[in-house]
Amino acid sequence: EAEAEAEARFLLQEARESIEAARSYRRELEQRLRGLHQARQQIRESATLTRDVLEQHFNDLKGTLKKLLDERLMSLLQQVDAIEQESIKPLDECQKLIEHGVSTANDLLREGESAVHGDVGQQNEKLCSFTKKALHIQLDSLPEVPSLVDVPCLSAQLDDCLLTILKNQIFRHGTVASRPPVQLEEFVEKPGGILVRWCKVDDDFIPQDYRLQYRKSTASHFEDVYVGSETEFIVLHIDPNVDYQFRVCARGDGRQEWSPWSVPQVGRTTLVPHEWTAGLEGYSLSSRRNIALRNDSQSCGVLYSKAPTYFCGQTLTFRQVLSGIETVGQPDRRDSLGVCVEQQNGYDSLQRDKAVCISTNGAVFVNGKEMTNQLPAVTSGSTVTFDMEVVQLAPPNNEGGIFKLRVTISSNNREVVFDWVLDQCCVSLYFGCSFSYPGWKVLVF
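Throughout this description, residue numbers start from 1 for each chain and increase along the sequence as written. Residue-level local features of this predicted model are given only where pLDDT is at least 70; pairs of side-chain atoms are given and counted only at 80 or more, and the full residue set underlies all totals for whole chains, interfaces and linings. As a rule here, side-chain values cover all heavy atoms of the structure and leave hydrogens and water aside.

Per an unreviewed UniProt entry, the protein is named Cytokine receptor-like factor 3, and its organism is Ardeotis kori. UniProt positions are given in the numbering used here, feature names are shortened, and annotations may be inferred rather than shown by experiment. Of the comments in the UniProt record for the protein, the one headed Sequence similarities (unreviewed entry) reads "Belongs to the cytokine receptor-like factor 3 family." The UniProt entry for the protein carries the following text under Function (unreviewed entry): "May play a role in the negative regulation of cell cycle progression."

(A) Spotlight on the overall build of the protein. Every helix listed is a DSSP run of H or I at least four residues long, and every strand listed is a run of E at least two residues long, numbered separately from the N terminus. What the protein contains, in helices and strands, is three helices and 21 strands. Once the C-alpha set of the protein is aligned to its principal axes, its extents read approximately 165 × 85 × 35 Å. For every residue, the accessible area obtained with a 1.4 Å probe (protein chains only) is divided by the maximum for its type, and the residue is called buried under 20%, exposed over 50%, and partly exposed between those limits. Of all 445 residues assigned to the protein, the portion counted as buried reaches 28%. Residue pairs at least 24 apart in sequence account for 60% of intrachain contacts in the protein once pairs closer than 6 positions are excluded. Note that accessible areas follow from Shrake-Rupley with a 1.4 Å probe, and for residues the cover is restricted to the protein chains shown. Split by element, the accessible area of the protein, about 29,600 Å² in all, is 52% carbon and sulfur. In this tally, Lys and Arg are treated as positive and Asp and Glu as negative; His is ignored, and so are the chain termini. By convention, the charge on Lys lies at NZ, on Arg at CZ, on Asp at CG and on Glu at CD. Distance between charge centroids for the protein: 5 Å, based on 47 positive and 62 negative side chains. The criterion used for residue contact is that any of the two residues' heavy atoms lie within 4.5 Å.

(B) Structural detail: the UniProt feature "domain: Fibronectin type-III" (unreviewed entry) in the protein. Those residues carrying the UniProt feature "domain: Fibronectin type-III" (unreviewed entry) are residues 180-273 in this numbering. Its end C-alpha atoms 33 Å apart, residues 180-273 is made of 0% helix and 53% strand.

(C) Summary view of the nonpolar core. Only buried Ala, Val, Leu, Ile, Met, Phe, Trp, Tyr and Cys residues count toward a nonpolar core, and they belong to the same one when joined by side-chain atoms within 4.5 Å. Within the largest apolar cluster, 35 residues are counted, with the highest numbers of intra-cluster contacts made by Phe318, Met388 and Trp420. Counting 16 residues, the second-largest nonpolar core is a separate cluster that includes Trp198, Phe205, Val248 and Ala250.

(D) Spatial organisation of the state of the cysteines. The definition used for a disulfide is geometric: two cysteine sulfur atoms within 2.5 Å. The full count for this structure, using the stated rule, is zero disulfides. Unpaired in terms of disulfides, Cys199 finds its nearest cysteine sulfur in Cys249, a separation of 15 Å. Residue classification places Cys199 among the partly exposed residues on the basis of a relative accessible area of 24%. In this structure Cys300 is not part of a disulfide, and its nearest cysteine sulfur, from Cys433, lies 13 Å away.

(E) Examining the sheet that holds strand S6 (residues 244-252) more closely. Pairing between strands is defined by DSSP: at least two bridges between the two strands are required. Strand order in the open sheet formed by four strands is S4-S3-S6-S7, with antiparallel pairing between adjacent strands. Only two strands of the sheet have a single neighbouring strand rather than two, namely strand S4 (223-228) and strand S7 (265-267). For this sheet the average axis-to-axis angle between neighbouring strands, irrespective of direction, equals 30°. Structural elements are reduced to axes, namely lines fitted to C-alpha atoms, with helices fitted over the stretch in contact, and the angle between N-to-C directions of any two is expressed from 0 to 180 degrees.

So this is what it looks like as structure tokens:
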């Protein structure tokens, strides 16, 4: 009985494993079916879109060509009208002159015949008057009439090679691509933004520039957000928890036209954007509160973030924004950019306890103490990044808890790495800046 019970349990276990394998197999098949459905849908939707684009493009071409041909025809007809009127005008004037001469000759003939056949008593007087009139008219002066070879003979000269050229150009115009040469590769969430990466998938294609576009999923039109040679770009001003569609294309080396668009993909960020605290005297903020400008107020102090929105594992970036004349404010040894555990009012710098920062001259401070390693000075256009990760979390002891963060600060292609020891667990931090003189303008993202 024990053996039979063990065998039954074994068979039951095998049956359960087979059932679970069958379920897993079914799930995998269903997932593949969904993949096939998406692939089929993509082919059909892209084919429909391509047909619409081709039809619209060629209809526009036909309309434009008809308009251009009509305009050219009108221009040529106007030239014919102008030449005709200009050439006919002297002929009309000559015709009026001849018709006037004919009328005058007819009148003279009638008067002469009347004088010749008139009464004898008045004949001499009439003949004398007629002779004087005939001499005055100058019957030997005739107007010049141009010969046919001297007047215009209009004709249309039409080159049939235009049709051949158009035919060759039209037959080569447009192509249908089944795969774009570049595709979107990765989306990385950023506070109030998304880092978009793309890659080349056609080995024979040599890209010169890339063009990235995006739109809200509810919008109807894409808009350009980046054009350049890089293969990644941080798209800022992204609303959190909202879907955005992205697509990218490329322009081949030495070419003017862009390649087909990549397959549109959806990206989103769940991270709220970084914002400076509004209302601190001495600083003016942009409308999105992600840019702080040190104004000419005499008040000084540390400008903090609105909330502790910087989390370990992310990259925090400060960028010195160029002003109209590409200059920054006068530096001061207390000027700093960095992160801290909490907001502490009353300080004029981040060079204090529970904070790490870099001064504008490149010095690095940890908990108020200056490190021996130094970074390049912060100047116009400089970018400073902070990266942090938790490396140690120990239980409380007699001296309290120990919390250690591995901090990497980068500036102008150089970096320093150190461990920041805190007495409390802290995975979200405030960021801040302090400048003593006006002119400094800092973007955070």
